[in-house]
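Examination of the molecular architecture
Here is what each chain is made of, one letter per residue.
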Amino acid sequence: MFIESIGRTTNSFVKQFKDIFVLLSQTVYWCVVGPFRKKPVSRKNLFAQTVFSGLDSLIIVFFVNFFIGIVLAMQSAYQLEQMGASIYVAALVGVSITREIGPVLTSLVIAGRVGAAITAELSTMKVTEQIEALETISLNPVRYLVVPRFLALLMMLPCLVILGDIIGIFGGYIIGIYNLGLSSGLYIDTTIQFLTVKDINTGLLKSAVFSVIISMIACYQGLSTEGGAEGVGRSTTKSVVSSFILIIIADALLTAVFYFAKT
Amino acid sequence: MTAEPKKEVVISVKNLVKNFGPRRILNDISLDIYQGETLVVMGGSGCGKSTFLRHLIGAIRPDSGQVWMFGQDIAKASDEEMDEIRKKFGMLFQSGALFDSMTVAENIALSLREHAKLDENIINIIVKMKLELVGLRGFENLMPSQLSGGMKKRVGLARAIVMDPKIVFYDEPTAGLDPVMTGVIDKLTIDLTKKLQITSVVVTHDMNSVFRIADRIVMLHQGNIMQIGTPEEIKNSKNPHVRQFITGEAEGPISFVQQGDDYLEHLTAEIQE
C-alpha cells in the first residue's frame, strides 16, 4: 500500500512536470511564431496584465524590501560592531540584497500576490465554462490568456527586483546613517565598491527564471482545475505552495551554478 | 413515417463511441442533422447528451466514429482546421459562460474583433443589433455580474450568433429559469431558426420547451438512441422509456437505482470481521 502510494505520487508529479513543460513550449511558440501568423498577443490584455503584475505590486515590494534592508543592517551591525567593523554593514547589505534576498523575496511576494490571482482567475474561468467558451469562438486559451500573463511577469519581475534592491539598500543606509553614525558618502562608496556587475546580473537572471516558474505554475494550475469552488481553492493553494518550493530550489541551483561550481 | 422531403445534411454523426474509463458513455450513435431544423436531444441526467454535444463542438474527440460537419470530419481535424470550423457555429453554454472581466458589449464583440477585420463603428452597430435581437437594448456597458440568469443566457445567445453562424448549439438553455424566461428563450430559438435559417441543436430535459421548439427529437438513454422522431411521433410513442420520460413517472424502465442486483453485498461490503 505504502509503496504503491509513493509510486502513484511520483507518477502524478512526473505527469505534472511534463504538462507544465508542454504549456511552456506552447507559450513560447505563441510568443515567437504567433506574430508571424497574424495571431499576435492581444495588446490590451498584455497592458492590463503588466499594470496588474508590475505597477500594482510596487507598494508591497517596496515595503518588504525596505524592512528587510533595515533588519539585515541591524542584525549584521550587532555582530560587526563588536569587531569594530560597522562599515562592512554597507557591503553586507548591498551584496546580500542584490544577490539573494532581493530576487528571492520579491519573487515570493509576487508568487503570493500575482501567481495566486492568476490561478484563481483562470480556474474560475475553467469551472464556469469560460475557457471552453473561448475555444468555441476559436481563441486559443494559451495565446489569449497565458501568453499575456507570462510576458507581463517576465518583463515586470526583473524591474520590480531592481527597484526592490534599491529600496532594500536604502533601508540599510537609513540604519547605517542614523543608527550607526556612518557618513553618507562612505556608506554609498562602500556599497558600490563591494557590488559587482555580476551580482546584479545574476539577481536579474534569477528573477527572470522565477517569473517563468510563477506564471507557468499559476497558469497550469488554473487551466487544469476541476470541481467547482472547492477546486478553485485547491488549485490556488497548490499554485502558491509549489511556486514557493520551486523558487527556492531553483535559487539553490542557480546560486550553485554561478558562485560555487567553478572551484 | 411521413416521406421526408430531401434536405441538406449539415452534421452527420457516424458510429460515435466514447468511453470514460471503463464506462461507455456513447454507444455507437449515428445521426443526421438537416439544414434549418431544430433538433432536440433529450434524455435523463448522465445519459450522455452533454458528452454528445461536446463531440459536436469538437471539445472532445471520440474513441471511434466520425462527426462530419461542413464536409469535414472534425474528429480528425487539426487545430487550425478546427478553428476555421468553429467560426461557422455558435454555442450557448448552460450558465452563459460570459467572460466576467468584460462588459456585455465586449463579450459579444470579442470574436468579431479577433477574427473579422472590421471597423470599430461597424462592430458597435453589429453588437447593438444582436442585443436588440435578444431584447437587451441598452445593456452594452453592464458587467456580467450585474445581470440575472436569464439575461446572461440571452447575452450568451447574442455572443453565439454574432458571427452569423450556420449552426447554433444550446446546452440546456432553459435550465434554472422561470417559466416566462423559458418561454422567451424558446421563442428566441424558434425565431433564429425560422428567420435566419440557422440549424439548432438543443440539449435539454425541459419537456415543455422540447415540444415548443423541436422539429425532430432524439431521445438518448445510457448512450444509445432510444427513438428519433417528430414531436407527434414522440408524444404517441409506444416505447416505455420514452413514455416514462415525457410523463415524468418515477416508476418505469428508467430506474433511478443504477445497479439493483447486488444491494445486500454493497451494503455489507465494508464490514470487517
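Predicted, not measured: the structure shown is a model, and the values here were computed from it.

**Observations concerning the overall build of chain B**
- Across its full length, chain B holds ten helices and ten strands.
- Whereas a compact globule of 273 residues would reach a radius of gyration of roughly 19 Å, chain B reaches 20 Å, a difference of no more than 12%.
- If one aligns the C-alpha atoms of chain B with their principal axes, the spans along those axes are about 70 × 50 × 40 Å.
- Relative to its 273 residues, chain B shows a buried fraction of 36%.
- Sequence separation of 24 or more characterises 63% of the internal contacts of chain B that already satisfy a separation of 6 or more.

**Topic: the overall build of chain A**
- Across its full length, chain A carries nine helices and zero strands.
- Walking chain A from its N terminus toward its C terminus, one meets helices and strands in the order α-α-α-α-α-α-α-α-α.
- C-alpha extents for chain A along the principal axes are approximately 70 × 50 × 40 Å.
- Out of the 263 residues in chain A, the part that is buried amounts to 41%.
- A fraction of 88% describes how many contacts in chain A between residues 6 or more apart in sequence connect residues 24 or more apart.

**Some words on the environment of isoleucine 59 of chain A**
- Residue placement: isoleucine 59 of chain A occurs in helix H3 (residues 58-82).
- Note: C-alpha distance between isoleucine 59 of chain A and serine 211 of chain A (152 residues apart in sequence) is 18 Å.

**Observations regarding the pairing of strand S9 (residues 216-221) of chain B**
All names here are of chain B.
- Judged by how many residues are buried, S9 sits mostly within the fold: five of six residues are covered.
- Examined bridge by bridge, strand S3 (residues 38-42) and S9 share four bridges and lie parallel to one another. Its bridge partner being in S9, methionine 42 is matched across the sheet by methionine 219.
- Across five bridges, the pairing between S9 and strand S10 (residues 224-229) is antiparallel. Pairing of methionine 219 across the sheet is with glutamine 227, part of S10.

**Some thoughts on the interface of chain A and chain B**
- Counting from both sides, the interface comprises ten residues of chain A and, opposite them, 14 residues of chain B.
- Considering only residue class, the side of chain A that touches chain B consists of three nonpolar, four polar and three charged.

**With respect to the sheet that holds strand S6 (residues 89-92) of chain B**
Residues and elements named next belong to chain B.
- An order of S6-S7-S8-S3-S9-S10 is seen for the six strands of this open sheet, with the pairing classed as mixed. Lying at the two open borders of the sheet, with one neighbouring strand each, are S6 and S10. For this sheet, the mean angle separating the axes of adjacent strands, direction not counted, is 15°.
- Relative to strand S7 (residues 167-171), S6 runs parallel, the two sharing four bridges. Counterpart to leucine 92 in the pairing with S7 is tyrosine 170.
- Across the sheet, helix H6 (residues 179-196) is in contact with S3, S7 and strand S8 (199-203); its angle to S8 comes to roughly 155°.

**Regarding the sheet that holds strand S1 (residues 9-20) of chain B**
Residue and element names in this part refer to chain B.
- Reading across from one edge, S2-S1-S4-S5 is the order of the four strands in this open sheet, with antiparallel pairing throughout. Edge positions in the sheet fall to strand S2 (23-34) and strand S5 (72-73), since each has one partner strand and no second.
- In this structure, S1 lies alongside strand S4 (residues 64-69), joined through five bridges in antiparallel fashion. Bridging from a neighbouring strand, valine 17 pairs with serine 64 of S4.

**Points about unusual backbone geometry**
All names here are of chain B.
- Non-glycine residue aspartate 164 carries a positive phi angle of around 50°.
- Summarising the element assignment, aspartate 164 is placed in the loop between helix H5 (149-160) and S7.
- When the 12 C-beta atoms within 10 Å are taken as the criterion, aspartate 164 is described as exposed.
- You will see that glutamine 197, though not glycine, has its phi angle at about 60°, which is positive.
- Tracing the backbone through its elements, the reader meets glutamine 197 in the loop between H6 and S8.

**Things to note about the nonpolar core**
- Membership of the largest hydrophobic core comes to 120 residues, with the highest contact counts inside it found for Ile214 and Cys219 of chain A together with Val40, Val41, Val168, Phe169 and Met219 of chain B.
- Apart from the residues within four sequence positions on either side, valine 41 of chain B is in contact with Lys49, Phe52, Val201, Val202, Val203, Val218 and Leu220 of chain B.

**Things to note about the environment of alanine 229 of chain A**
Residue and element names in this part refer to chain A.
- In this fold, alanine 229 is placed in helix H9 (residues 228-260).
- For alanine 229, a count of 10 C-beta atoms within 10 Å gives the class exposed.
- Sequence-wise, alanine 229 and proline 35 are 194 residues apart; in three dimensions their C-alpha atoms are separated by 36 Å.

**Concerning the environment of glutamate 270 of chain B**
- In this fold, glutamate 270 of chain B is placed in the segment after helix H10 (263-268).
- The class for glutamate 270 of chain B is exposed, based on 6 C-beta atoms found within 10 Å.

**A word on the pairing of S7 of chain B**
Residue and element names in this part refer to chain B.
- With respect to burial, S7 is a largely interior element, five of its five residues being buried.
- In S7, alternate side chains face the same way, and those of Ile167, Phe169 and Asp171 on one face and Val168 and Tyr170 on the other are all buried.
- The sheet contact formed by S7 and S8 spans five bridges and is parallel. Bridge pairing in S8 links tyrosine 170 to valine 202.
- In this view, the connection linking S7 to its parallel neighbour S8 by way of H6 has right-handed handedness.

Conventions and cut-offs
Residues numbered from 1 in each chain as written. Chains lettered and ligands numbered in written order. Predicted model: local features only at pLDDT ≥ 70, side-chain atom pairs only at ≥ 80, totals over all residues. Helix = DSSP H or I, 4+ residues; strand = E, 2+ residues; numbered from the N terminus. Rg over C-alpha atoms; globule rule 2.2 N^0.38 Å. Buried ≥ 20, exposed ≤ 12 C-beta atoms within 10 Å, placed from the backbone. Contact = placed C-beta atoms within 7 Å. Pairing = 2+ DSSP bridges. Nonpolar A, V, L, I, M, F, W, Y, C, P; charged D, E, K, R; others polar. Axes fitted to C-alpha atoms, helices over the stretch in contact; angles between N-to-C directions. Core = buried A, V, L, I, M, F, W, Y, C linked by C-beta atoms within 7 Å. Right-handed = clockwise from strand over helix to strand, strands pointing away.

No statement about biological role is implied by the geometric values presented.
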